[in-house]
Amino acid sequence: MPRIVDRTTGRYLGTLTEQESKQLMALFDEPTRTDEPFPFDPDLIDDLAESGASAPLLAMLRQILQGKEDLDIDVEPD
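On a predicted model such as this, the values are computed, not experimentally measured, just so you know.

Looking at the overall build of the protein
- Helix and strand counts for the protein stand at three helices and four strands.
- Shown N-terminal to C-terminal, the secondary structure of the protein runs as helices and strands in the order β-β-α-β-α-α-β.
- Expressed as a percentage of the 78 residues in the protein, the buried residues total 37%.
- Put simply, of all contacts in the protein between residues at least 6 apart along the chain, 61% involve residues at least 24 apart.
- Carbon and sulfur atoms form 49% of the exposed surface of the protein, whose accessible area is close to 4900 Å².

Right under this line is the structure:
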């Protein structure tokens, strides 16, 4: 299963289903995305919620972000 990691520290943050990984990566594949770090913030969680992301995915992402303004994440394939 795909894993979410903190790009800065390499720390494991959680595991995703294939569908959750696709939903999350769809936001990262925007035409304006570059190879620069992509800050993950509350607005991104709201975008995922509006696109129909699963409740477990949203809960995990909110927990990961709790207490931070943003976080540079990556999704590693299994």
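Now that the structure has been shown, we can carry on.
Digging into the pattern of salt bridges
- Considering all chains together, one arrives at two salt bridges under this definition.
- Glu76 is the partner of Arg3 in a salt bridge, and the nearest nitrogen-oxygen pair spans 3.8 Å. One end of the pair, Arg3, is in strand S1 (residues 3–6); the other, Glu76, is in strand S4 (residues 71–76), with 73 residues separating them in the sequence.
- Relative accessible area serves as the criterion here: at 33%, Arg3 is assigned to the partly exposed category.

Focus: the pairing of strand S2 (residues 12–15)
- As paired elements, S1 and S2 share three bridges and run antiparallel to each other. The residue of S2 that forms the bridge with Val5 is Tyr12.
- In this structure, the hairpin formed by S1 and S2 is closed by a connection of five residues, where Gly10 is found at a positive phi of approximately 80°.

Topic: the packing of helix H2 (residues 42–50) against helix H3 (residues 55–65)
- It is at 10 Å that the axes of H2 and H3 come closest, and there the two elements cross at 175°. Classed by the angle they form, the pair H2 and H3 counts as roughly antiparallel. Between H2, through Pro42, Ile45, Leu48 and Ala49, and H3, the contact on the second element is made entirely by Leu58, Leu61, Arg62 and Leu65.
- Class assignment of the residues belonging to the contact of H2 with H3 gives a composition of seven nonpolar, no polar and one charged.

Each value, and the rule that gives it
- Residues numbered from 1 in each chain as written.
- Predicted model: local features only at pLDDT ≥ 70, side-chain atom pairs only at ≥ 80, totals over all residues.
- Heavy atoms only, no water.
- Helix = DSSP H or I, 4+ residues; strand = E, 2+ residues; numbered from the N terminus.
- Buried < 20%, exposed > 50% of the residue type's maximum accessible area, 1.4 Å probe, protein only.
- Contact = heavy atoms within 4.5 Å.
- Areas by Shrake-Rupley, 256 points an atom, 1.4 Å probe, with all protein chains shown as cover.
- Salt bridge = Lys/Arg side-chain N within 4 Å of Asp/Glu carboxyl O.
- Pairing = 2+ DSSP bridges.
- Axes fitted to C-alpha atoms, helices over the stretch in contact; angles between N-to-C directions.
- Parallel < 35°, antiparallel > 145°, perpendicular 65-115°, else oblique.
- Nonpolar A, V, L, I, M, F, W, Y, C, P; charged D, E, K, R; others polar.

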